[in-house]
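Here's the letter readout for the chains.
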2 protein chains.
Amino acid sequence: MKPRSRRSGGRPTIADVAKRAGVGAITVSRALREPERVSEDLRRQIARVVDELGYVPDPNARALASARADVIGVLVPSLTNNVFAEVVRGIYDGLDDSRLQIQLGNTHYSGLEEERLLRVFLSQRPSALVVSGIDQTPAARKLLEEAGCPVVQIMEIGPDPVDMMIGFSHFEGGRTVTRHLVDAGYRKIGFIGARMDPRSQRRLSGYRAVMERAGLFDPRLITTTTTPSSVSLGRELLRDALAKVPTLDAVFCNNDDLALGVLFECHRAAIDVPGKIGIAGFNDLDMTGVAFPSLTSLRTHRYEIGRRAISMVRATIAGERPEQPVVDLGFELKQRESTARTA
Amino acid sequence: MKPRSRRSGGRPTIADVAKRAGVGAITVSRALREPERVSEDLRRQIARVVDELGYVPDPNARALASARADVIGVLVPSLTNNVFAEVVRGIYDGLDDSRLQIQLGNTHYSGLEEERLLRVFLSQRPSALVVSGIDQTPAARKLLEEAGCPVVQIMEIGPDPVDMMIGFSHFEGGRTVTRHLVDAGYRKIGFIGARMDPRSQRRLSGYRAVMERAGLFDPRLITTTTTPSSVSLGRELLRDALAKVPTLDAVFCNNDDLALGVLFECHRAAIDVPGKIGIAGFNDLDMTGVAFPSLTSLRTHRYEIGRRAISMVRATIAGERPEQPVVDLGFELKQRESTARTA
DNA sequence: TTGTACGCGTTATCAA
DNA sequence: TTGATAACGCGTACAA
């Protein structure tokens, strides 16, 4: 028996399958990728040999020969932020059994890091690219435009997509929450924000728009930091906010982690919620509706965003480009006890 | 000018660099991978041309030629569980600038899915494999043993490593928390558990061991479900537990999500914590120490586990195999208000 | 320290 | 519908 080739470690190759099945290698290749282009007979024959030999195609050889890797590059700003963790879960679940692989990158909320990772990912000739947000650096934007593959910007929508987009308007989200607080009768409504990435900024803009229109705006009501968000930070920011404006009667928290921290601080300081202070969060995590009192929040559809981003990519790859390249998945205000002021 | 080759899309290849630099292709290859083996002069010369041309090596061609991809396959049971999200973050952070890439797989807590993904990953000849836990299926275990690359089992330690291991003993963790509750004077100590994956089971075993030894064990004190863990589930499980044992005076929660749900339910039902019921969690998430009252929990070092798993892999690849193939990172009991009974 | 010849496993191209 | 041939871009083996 001929010794196995030097490097393959004894793994059967497509040539082994072809020989044993008495066909050409290319026919095996086709039987695996486009079965409908191979006759019924050969297809069965080949399938049998593949099973017998335990043949598994080498994705690297495939990528080299076809100049296209079955890989979707995905760039997110954080892996631990529950919001993006759910996006990523949606992305993975959207793969089903599609032979596509995910190449995940963590940009740590840095545009430059995003740009760097984009270059790394691009070197593999990915089948598609998924990036978070719409604030790419000019260089990154150029890379995306010239990527030669479908691109989806997720989590936000905006006027100028590179290719496709799926998300929602954070500005409108900010407006919706703030309007709710105003309608609930709150007047000294503070804004508490951490990290202050572009999406947080736009939520703040929505807050500001509503407050100004209602004649309630006061810059001292805004308490933000670039520190990453956390529950404990929520506590501190509430204390800061109260120090500046002791008459504060509500807070719109940039996200639910902060909101939870604010709630705990209120418990600790024996501040009545929602009587003395109303609390609203953003994203509506699992815990938010369970808290006591339950927290008002804005439900966003991040799992769905991940899933549908992959659907759009797969459709595009299959040649069925979605008629709607920009999808607004919206959000849903969840009014709960934390802003239910008794009149 | 000669037309660009058919498929490469105009990207410069190693041959282009070699020609322009007036050297052989292999010298360029070496200059990039093992600079110390190329003379100072050529190295600089080549670096300049690489910059000029914007040459980026093709990882697929590299993997095909070397029969080894610069990829570490990582299998975790969940992407959204904060504990694993932090492990994954540690893994990514452990990469630094090492040219290694992560191939991430979500097993959804299924041994069969783990086995399937292992086969997929193996087809790429990864440089290393990282898997969660020590309960692989026999077939998966065999695949790992014959993988021909470093393997790290993370999150747990046990007697029979495939190769390397880093984590801690969940049994000991369960014992430590339970012993603390006993020492704090609680007697009717319930166990609340969700998902009940192997690690949860071992925590339960630790609980049981201590309770039996203290003569306090009663099967009715155990309330578990295979439903995935969540804050809301914590509420329900506490209600179930109290329905079974109204005299319950403490609960050891399988994880902090459940503990938070239990805390909220106590607030809602006006049950004094820690006076009437003591609460202890597991993992010590950020929120746990901030809650009101702050929750006792067991701090586990999952970020560190991820980071050091990659360190071990990198050391092994570099030929410096860690002298200690099994690393117990332990844990740390965080006693807080929720179990601080006033005597 | 550098280079030559060849092979890695697959798919694109073109012809039958 | 099928196949022969030539890439794909790089690293290994070996020689100089």
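No experiment lies behind these values; they were computed from the predicted model shown.

Rules used throughout
Residues numbered from 1 in each chain as written. Chains lettered and ligands numbered in written order. Predicted model: local features only at pLDDT ≥ 70, side-chain atom pairs only at ≥ 80, totals over all residues. Heavy atoms only, no water. Buried < 20%, exposed > 50% of the residue type's maximum accessible area, 1.4 Å probe, protein only. Helix = DSSP H or I, 4+ residues; strand = E, 2+ residues; numbered from the N terminus. Pairing = 2+ DSSP bridges. Right-handed = clockwise from strand over helix to strand, strands pointing away. Contact = heavy atoms within 4.5 Å. Buried area = accessible area lost by both parts, 1.4 Å probe. Salt bridge = Lys/Arg side-chain N within 4 Å of Asp/Glu carboxyl O. Polar contact = N/O pair within 3.5 Å; in protein donor to acceptor, adjacent residues only side chain to side chain. Least-squares fit on C-alpha atoms with pLDDT ≥ 70 in both. Domains from an automatic or database assignment. pLDDT = per-residue confidence, 0-100. Core = buried A, V, L, I, M, F, W, Y, C linked by side-chain atoms within 4.5 Å. Expected span 1.5 Å × (residues − 1). Axes fitted to C-alpha atoms, helices over the stretch in contact; angles between N-to-C directions.

Some words on the pairing of strand 3 (residues 128-132) of chain B
All names here are of chain B. The buried fraction of strand 3 is high, at 5 of 5 residues. Side chains A128, V130 and S132 project from strand 3 onto one buried face, and the interleaved L129 and V131 project onto a second face that is buried too. Looking at chain direction, strand 1 (residues 71-76) and strand 3 are connected through 4 bridges and run parallel. Paired with G73 across the bridge in strand 3 is L129. Sheet analysis places strand 3 next to strand 4 (residues 151-156), joined by 4 bridges and oriented parallel. For V130, the partnering residue across the bridge sits in strand 4 and is V152. The parallel pair strand 3 and strand 4 is bridged by helix 7 (residues 138-145), and the resulting crossover is right-handed.

Considering the environment of R30 of chain A
All names here are of chain A. Among the structural elements, R30 can be located in helix 2 (residues 25-33). Overall, the relative accessible area of 26% leaves R30 in the partly exposed class. Residues R30 and R43, 13 residues apart in the sequence, show an inter-C-alpha distance of 9.2 Å. For R30, the contacting residues outside a window of four places in its chain are P35, R37 and V38.

As for the interface of chain A and chain B
On the chain B side, the residues contacting the 53 residues of chain A number 53 residues. Overall, the association of chain A and chain B removes approximately 4,400 Å² of surface from exposure, summing both partners, and the carbon and sulfur fraction of that is 54%. Linking chain A with chain B are 4 salt bridges, by the criterion used here. Across the contact surface, chain A and chain B share 16 residue pairs in polar contact (both at pLDDT 80 or more). At the level of secondary structure, the elements contributing two or more residues to the side of chain A that touches chain B comprise helix 4 (59-66), helix 5 (82-93), strand 2 (101-106), helix 6 (111-122), helix 10 (231-244), helix 11 (256-268) and helix 12 (286-290) of chain A. For the side of chain A that touches chain B, the leading source of residues is helix 5 of chain A, giving 7 residues.

Comments concerning the relation of the copies chain A and chain B
The relation between the two chain copies is a rotation about an axis coupled with a shift along that axis. When chain A is brought onto chain B, the operation consists of a screw motion whose angular component is 180 degrees and whose axial shift is 0.1 Å, with 0.2 Å RMSD remaining. Given the turn and translation reported, the copies of this chain are related as if by a two-fold rotation axis. Rotation axis and chain A: the residue whose C-alpha lies nearest the axis is N60 of chain A, separated from it by 2.5 Å. Interface overlap between copies is the fraction of interface residues in one copy that are interface residues in the other; for chain A against chain B it reaches 100%, indicating a shared surface.

Quick notes on the domain arrangement of chain A
For interface size, the figure often reported is the accessible area lost on association. Residue and element names in this part refer to chain A. Domain boundaries assigned for chain A yield domain 1 (14-57), domain 2 (68-168 + 302-330) and domain 3 (170-300). Across the contact, 13 residues belong to domain 2 and 12 residues belong to domain 3. Summed over both sides, the interface of domain 2 with domain 3 buries roughly 1,100 Å², with 53% coming from carbon and sulfur. The largest share of the area that domain 2 buries against domain 3 comes from Y109, F168 and R302, three residues that together contribute 53% of it. With a closest N to O distance of 3.4 Å, E156 and R199 form a salt bridge. Joining domain 2 to domain 3, the criterion identifies 8 residue pairs in polar contact (both at pLDDT 80 or more). For the side of domain 2 that touches domain 3, the leading source of residues is helix 5, giving 3 residues.

Some words on the confidence of the model for chain A
Of all residues in chain A, 97% attain a pLDDT of 70 or more, and the chain-wide mean is 95. Every residue in residues 1-7 of chain A scores below 50 in pLDDT, and together they form 6 contacts with partners more than four places removed in sequence or on other chains.

A word on the nonpolar core
Counting 150 residues, the largest nonpolar core has L260 and I279 of chain A together with L260 and I279 of chain B as its most contacted members. Residues contacting I279 of chain B, with those up to four places away along its chain left out, are V251, C253, A259, V262, L263, C266, V273, L295, T296, S338 and T339 of chain B.

A closer look at helix 11 (residues 256-268) of chain B
Residue and element names in this part refer to chain B. Relative to the 18 Å expected for 13 residues at 1.5 Å per residue, helix 11 spans 18 Å between its end C-alpha atoms, a close match to the ideal helical length. When you tally the buried positions in helix 11, you get 11 out of 13 residues, the bulk of the element. Residues of helix 11 that are buried include every one of D256, L258, A259, L260, G261, V262, L263, F264, E265, C266 and H267, and no others. For helix 11, the side-chain oxygen to backbone nitrogen distance between the N-cap and D257 is 2.9 Å, and the N-cap itself is N255. Directly beyond the C-terminal end of helix 11, a positive phi value near 55 degrees is found at A270.

Quick look at the pattern of salt bridges
Inspection of the entire model under this criterion finds 58 salt bridges over all chains. Close ionic contact of R202 of chain B with E156 of chain B constitutes a salt bridge, the shortest N to O distance being 2.6 Å. Of this pair, R202 of chain B sits in helix 9 (residues 198-213) while E156 of chain B sits in strand 4, placing them 46 residues apart in sequence. Given a relative accessible area of 2%, E156 of chain B falls into the buried group. It is possible to trace a salt-bridge network through shared partners that takes in D135, E156, D197, R199 and R202 of chain A.

So, the sheet that holds strand 8 (residues 250-253) of chain A
Residue and element names in this part refer to chain A. If you walk across this open sheet you meet the 4 strands as 7-6-8-9, and the pairing is parallel. The outermost strands of the open sheet, each flanked by one partner alone, are strand 7 (222-224) and strand 9 (278-280). When the angles between neighbouring strand axes are averaged without regard to direction, this sheet yields 15 degrees. Taken strand by strand, helix 9 (residues 198-213) contacts strand 6 (189-193), strand 7 and strand 8, and its axis lies near 170 degrees from that of strand 6. The sheet contacts of helix 10 involve strand 6, strand 7 and strand 8, and relative to strand 7 the element is tilted by about 145 degrees.

Some words on unusual backbone geometry
Each neighbour pair has its own omega, and for V273 of chain B with P274 of chain B the value is 10 degrees, a cis peptide bond. The residue after F292 of chain B, namely P293 of chain B, is reached through a cis peptide bond having omega -10 degrees. Turning to its location among the elements, P293 of chain B is positioned in the loop between helix 12 (286-290) and strand 10 (297-300). Within the chain, M155 of chain A stands out as a residue other than glycine whose phi angle is a positive 80 degrees. If you trace the backbone, M155 of chain A turns up in strand 4 (residues 151-156). Accessibility expressed as a relative area gives 3% for M155 of chain A, which makes it buried. Unlike most non-glycine residues, N283 of chain B shows phi in positive territory, near 110 degrees. Within the element layout of this structure, N283 of chain B appears in the loop between strand 9 (278-280) and helix 12.

Let's talk about the side chain of N106 of chain A
Residue and element names in this part refer to chain A. Along the chain, the position of N106 falls in strand 2. Under the relative-accessibility criterion, N106 is labelled buried at 5%. From its side chain, N106 meets the backbone nitrogen of H108 in a polar contact 3.0 Å long.

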